[in-house]
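Structural overview
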Amino acid sequence: MTQYDYLVVGAGLTGAVFAERARAAGRKCLVIDRRDHIAGNCYTESVRGINVHRYGAHIFHTSDRGVWDYVNRFAEFNSYVNCPVADYHGRMYNLPFNMNTFAQMWGVRTPAEARAVIERQRAEAAIEGEPRNLEEQALSLVGRDIFEKLVKEYTEKQWGCSCAELPPSIIKRLPVRYVYDNNYFNDRWQGIPVGGYTKMVAAMLDGVEVLTGVEYRDFAAANPGAAGRVVYTGPIDEYFGFRLGELEWRTVRFETELLEGVENWQGNAVVNYTSHDEPFTRIIEHKWFEFGRDEAGEMLPDTVISREYSSAWKPGDEPYYPINDEKNNALFERYWELGQAEEGVVFAGRLGAYRYYDMAPCIAAALDLAERELSE
Ligand SMILES: Cc1cc2nc3c(=O)[nH]c(=O)nc-3n(C[C@H](O)[C@H](O)[C@H](O)COP(=O)(O)OP(=O)(O)OC[C@H]3O[C@@H](n4cnc5c(N)ncnc54)[C@H](O)[C@@H]3O)c2cc1C
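Report on the accompanying structure. (Residues numbered from 1 in each chain as written. Predicted model: local features only at pLDDT ≥ 70, side-chain atom pairs only at ≥ 80, totals over all residues. Heavy atoms only, no water.)

Some points on the overall build of the protein
Our working rule: To qualify as a helix, a DSSP run of H or I must reach at least 4 residues; to qualify as a strand, a run of E must reach at least 2; elements of each kind are numbered from the N terminus. Throughout, the radius of gyration refers to the C-alpha atoms, and the reference size of a globule is 2.2 Å times the residue count to the power 0.38. Only protein chains enter the area calculation, which uses a 1.4 Å probe; residues under 20% of their type maximum are buried, those over 50% are exposed, and those in between are partly exposed. Contacts between residues were defined by any pair of non-hydrogen atoms, one from each residue, lying within 4.5 Å. The method behind every accessible area is Shrake-Rupley, applied with a 1.4 Å probe, and residues are considered shielded solely by the protein chains displayed.
When its secondary structure is counted, the protein shows twelve helices and 16 strands. For 376 residues, the compact-globule formula gives about 21 Å, and the C-alpha radius of gyration of the protein, at 22 Å, lands near that figure. Residues counted as buried form 52% of the 376 residues belonging to the protein. A separation of at least 24 residues holds for 73% of the contacts in the protein among residues at least 6 apart in sequence. For the protein, the computed accessible surface area is about 17700 Å², with 47% contributed by carbon and sulfur atoms.

Looking at the packing of helix H5 (residues 134-142) against helix H6 (residues 144-159)
Condition: To get an axis, fit a line to the C-alpha atoms, keeping to the stretch in contact for a helix; angles then go from 0 to 180 degrees between the N-to-C directions. Handedness of each helix crossing follows the sense of rotation of the near helix against the far helix: counterclockwise by less than a right angle gives left-handed, clockwise gives right-handed. Any residue outside Ala, Val, Leu, Ile, Met, Phe, Trp, Tyr, Cys, Pro, Asp, Glu, Lys and Arg is labelled polar, Gly included; the first ten of those are nonpolar and the last four are charged.
One can describe the packing of H5 onto H6 by two numbers: an axis separation of 9 Å at closest approach and a directional angle of 145°. Viewed along their axes, H5 and H6 form a crossing whose handedness is right-handed. Contact with H5, carried on its side by Leu-134, Glu-135, Ala-138, Leu-139 and Val-142, involves Arg-144, Ile-146, Phe-147 and Thr-155 of H6 and no other residues of that element. Its residues assigned to classes, the contact of H5 with H6 shows six nonpolar, one polar and two charged.

Looking at the packing of aromatic side chains
Our working definition: Note on aromatic pairs: the rings of Phe, Tyr and Trp (six-membered ring only in Trp) are paired at centre separations within 6.5 Å, and the planes decide the class, stacked below 30 degrees, edge-to-face beyond 60, tilted for the rest. Ring-over charges, as used throughout, are those where CZ of Arg or NZ of Lys falls within 6 Å of the ring centre and within 35 degrees of the ring normal.
What the rule picks out here adds up to 26 aromatic pairs. Ring geometry for Trp-249 versus Tyr-354: centroids 5.1 Å apart, planes at 90°, classification edge-to-face. One end of the pair, Trp-249, is in strand E11 (residues 249-259); the other, Tyr-354, is in the loop between helix H11 (349-352) and helix H12 (359-374), and 105 residues separate them in sequence. Both residues of the pair, Trp-249 and Tyr-354, belong to the buried class. A network of ring pairs unites the aromatic residues Tyr-216, Tyr-232, Tyr-239, Phe-240, Tyr-335 and Phe-347 as a single cluster. When the ring centre of Tyr-309 is taken as reference, the NZ or CZ atom of Arg-253 above it lies at 4.2 Å. Lying across the ring of Phe-280, Arg-307 places its NZ or CZ 5.8 Å from the centre.

Quick look at the pairing of strand E6 (residues 85-88)
The line we're drawing: Should DSSP find at least two bridges between two strands, the strands are taken to pair.
On E6, burial covers both faces: Val-85 and Asp-87 on one face and Ala-86 and Tyr-88 on the other are all buried. Here four bridges tie E6 to strand E7 (residues 91-94), and the two strands are oriented antiparallel to one another. Paired with Val-85 across the strands is Asn-94, a residue of E7. Where E6 folds back on E7, the antiparallel hairpin that results is connected by two residues, among which His-89 adopts a positive phi of roughly 50°. Across three bridges, the pairing between E6 and strand E12 (residues 270-273) is parallel. Residue pairing for E12: Ala-86 is matched across the bridge by Asn-272.

Concerning the sheet that holds strand E10 (residues 227-232)
Pairing within the open sheet is parallel, and its five strands lie in the order E9-E2-E1-E10-E16. The strands lining the two open edges of the sheet, one partner per strand, are strand E9 (209-212) and strand E16 (345-347). Strand-to-strand twist across the sheet, computed as the mean angle between neighbouring axes with direction ignored, equals 20°.

Topic: the nonpolar core
As a reminder of what qualifies: Put simply, a nonpolar core is a bunch of buried Ala, Val, Leu, Ile, Met, Phe, Trp, Tyr and Cys residues held in one set by side-chain atoms that sit within 4.5 Å of each other.
Membership of the largest hydrophobic core comes to 57 residues, with the highest contact counts inside it found for Leu-13, Phe-18, Phe-60, Met-200, Phe-289 and Ile-363. Listing elements by their share of this core, those giving two or more residues are strand E1 (4-9), helix H1 (13-24), strand E2 (29-33), helix H2 (65-71), helix H7 (197-204) and H12. The dominant element in this core, judged by the number of residues it contributes, is H12, at nine residues. Setting aside residues no more than four positions away along its own chain, Phe-18 makes contact with Tyr-6, Val-8, Val-231, Leu-369, Ala-370, Glu-373 and Leu-374. Ranked by size, the runner-up nonpolar core spans 26 residues in total, among them Ala-114, Ile-118, Ile-146 and Leu-166.

A word on the pattern of salt bridges
Keep this limit in mind: Each reported salt bridge corresponds to a side-chain nitrogen of Lys or Arg within 4 Å of a carboxyl oxygen of Asp or Glu.
Taken as a whole, this structure holds 20 salt bridges when the rule is applied. With a shortest N-O distance of 3.5 Å, Glu-20 and Arg-73 are connected by a salt bridge. Note that Glu-20 is positioned in helix H1 and Arg-73 in the loop between H2 and E6, a separation of 53 residues in sequence. Because the salt bridges share partners, they merge into one network encompassing Glu-20, Arg-21 and Arg-73.

Next up, the structure:
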């Protein structure tokens, strides 16, 4: 018997936004997630008062007013501005590439001096015609010093192969700023929800029935016809039993450590390690996303850090970054066609759509989906 208008598979942002809209439109929804918690990949858990981003650092940023107004209904955002730094053989550089980086690298002071160095190095690289790979693309955009110290080995650790083997499309642009501005994002609004993302997603799901630790396949077998429609935010290839083959991903392994009695370990939320000296790509010190302080403004006495290791995905790993090359995109298109023909099921979210979505576009897509579905 149909108990629910919608069964939403996945309690991440996509599922939570859809369920929130459906509830507001008077539809009865059940949200299930195979994990033992809500909030999907932006899940945060409190460790000694520090909101730890279990599945990788998440910084909210957007220029979409509709999305910004929407999320602010469920959370108060702090004024965190993302200013990562890079460690290359023990020397520190500001990111993204800006006048601070150029001053640290070449001792230049003015935009004209910095431009002259980059122009000379681009000319020396002498890339003729269209760049054939990521290395040529980067050299033609930023010259040799920035490529070798801040791009090359970091990118190789991220993708597990040489920059000469990677397609140029991965870095269509490498933003270069001739101002002293370390703000990583160009967006109009950014920040971290006070109290963490889990609290924000819980507010979205307020009044919605949610079951965690529940796998879709098992639920569907035990409760046939429980819902009129299904919004499925899990991996689309898995839904179809991988019958056309597996879509490929990159995964990330997090090595998280509580450092008791250490108030300040690296002095910044995000430090990228851009050489092969270290096997990890970044270290996150979670407390600095909320200025190291508790809600009363007191400095927290301990800290938590996470080293991030990037590797190829294999079944059983968390799928993090889709490998949107020709082969995988073509396979995805075939799955998407199967999905379109699947009666009563819509596929959504980063796993259903096999694409890398930041949180804001992911929320925008879920709001669009809700508008289409719920007006029918
Ligand atoms: C390492 C990393 C860092 C990121 N950093 C940022 C950032 O700084 N800023 C930003 O804007 N975005 C960032 N993102 C993107 C952000 O994580 C996504 O936009 C967002 O989490 C997508 O939400 P979703 O609901 O589509 O997917 P998810 O959050 O993955 O949620 C899907 C949920 O579905 C559940 N599920 C799947 N299959 C089943 C099944 N068969 N049965 C039951 N449950 C199932 C999963 O357990 C999961 O909880 C980052 C992503 C990654 C990977």
